[in-house]
Amino acid sequence: MKKSIIVLWICLLSIQGGFAQEHLEVKQRLMVKINPLPMIDHNPRLRVGVEYISDKKLGYSIDFGMGNNFLNHWRLNGLVWGQDYSFFEVRPEIKYLFKNTQKSYTYAALEFFFINMRDVLESGSYQKANSGFETTFDRATFNKEKYGLHLKGGINYIVSNRLNIDLYGGIGFAKRDFSYTNVVNPVDRSTSIFDEWIPKDYLFAGESTIFHTTLGVKIGYTFFVK
């Protein structure tokens, strides 16, 4: 992921240099954007948002993501998540534009995010907080909550008056909480989850604060330009 962010930043700087000679034109824009990458994520969802660019080099946007078995059945097939899978996220963001031309605008942004995911798992296991042993179960309700912020940089390329592509990357932190409730037939075992080569993060109940990265692309449609 770190290497991908470095590559993205090199691309952004190269593209920005190519547009440096363009005439600066301050515009207002109202766009709707869709992010296709979350559709193939391990926690799949549909993420769409609206963005407004003001004439004062500021931009404001908010993205919403929603996932469930109906929307994401094709991706959920083969994953641990099942029929009761549900996902919701909200991501407000404020941007400062360095360049705003006919062809593109480059920006720095501060993004806040909140995520909640829920599912009912069958015949699984998890590790309790402050414990080195795993608990197996026949059935349990799993809930994930995560929130935090990112410092981002990006470039939005104007393909046409209506179509645009937004490339971005950033770093930040997140606080997350994994919990298991309504556990049916819990059995504590001395075998540790660490016996796995790469234990999945959702197998560890409890709270944690982690370094967080973001990298992606949005495809936008412009409804209003001034």
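Because the structure is a prediction, the values reported are computed rather than measured.

## A few points about unusual backbone geometry
A positive phi is found at K57, a non-glycine position, where the angle reads about 65 degrees. Along the chain, K57 falls in the loop between β2 (46–53) and β3 (58–68). Unusually for a residue other than glycine, S123 sits at a positive phi of about 50 degrees. Along the chain, the position of S123 falls in strand β5 (residues 104–127). Here S123 falls in the exposed class, since its relative accessible area comes to 61%.

## Re the environment of P186
Inspection of the secondary structure puts P186 in the loop between β7 (163–184) and β8 (187–189). P186 sits 49 residues away from F137 along the chain, and the two C-alpha atoms are 4.6 Å apart. Residue contacts for P186: discarding those within four places in its chain leaves T135 and T136.

## Some points on the side chain of K218
Position of K218 among the secondary structure elements: in strand β9 (residues 206–225). Side-chain polar atoms of K218 contact the side chain of D63, separated by 2.9 Å. When near neighbours in sequence (up to four residues on either side) are disregarded, K218 contacts K33, I34, N35, D63, N164, I165, D166 and Y168.

## Examining the pairing of β2
In β2, alternate side chains face the same way, and those of R47, G49, E51 and I53 are buried while those of L46, V48, V50 and Y52 on the opposite face are not. Relative to β2, strand β1 (residues 29–35) runs antiparallel, the two sharing 7 bridges. For M31, the partnering residue across the bridge sits in β2 and is E51. Looking at chain direction, β2 and β3 are connected through 8 bridges and run antiparallel. Paired with R47 across the two strands is G65, which belongs to β3. Hairpin connection of β2 to β3: 4 residues between the antiparallel strands, including K57 at a positive phi of 65 degrees.

## Quick look at the packing of aromatic side chains
By convention here, two paired aromatic rings are described through the distance between centres and the angle between planes. The full count for this structure, using the stated rule, is 12 aromatic pairs. On the basis of an interplanar angle of 55 degrees and a centroid distance of 5.2 Å, the ring pair of F142 and Y180 is categorised as tilted. Of the two residues, F142 sits in strand β6 (residues 134–158) while Y180 sits in strand β7, which places them 38 residues apart along the sequence. Here F142 and Y180 have matching classes, each one buried.

## Considerations on the pairing of β1
Residues R29, M31, K33 and N35 point to one face of β1 and are all buried, whereas L30, V32 and I34, pointing to the other face, are not buried. Two elements, β1 and β9, share 6 bridges in a ladder whose sense is antiparallel. Bridge pairing in β9 links I34 to I219.

## Quick word on the nonpolar core
Counting 18 residues, the largest nonpolar core has W81, F142 and Y180 as its most contacted members. If sequence neighbours within four positions are ignored, W81 has contacts with H42, N43, L76, M117, D119, L121, F142 and Y202. The next biggest cluster of nonpolar side chains, apart from the first, holds 8 residues, and it includes M31, Y105, Y107 and I158.

About the cut-offs
Residues numbered from 1 in each chain as written. Predicted model: local features only at pLDDT ≥ 70, side-chain atom pairs only at ≥ 80, totals over all residues. Heavy atoms only, no water. Helix = DSSP H or I, 4+ residues; strand = E, 2+ residues; numbered from the N terminus. Buried < 20%, exposed > 50% of the residue type's maximum accessible area, 1.4 Å probe, protein only. Contact = heavy atoms within 4.5 Å. Polar contact = N/O pair within 3.5 Å; in protein donor to acceptor, adjacent residues only side chain to side chain. Pairing = 2+ DSSP bridges. Phe/Tyr/Trp six-rings, centres within 6.5 Å; stacked < 30°, edge-to-face > 60°. Core = buried A, V, L, I, M, F, W, Y, C linked by side-chain atoms within 4.5 Å.

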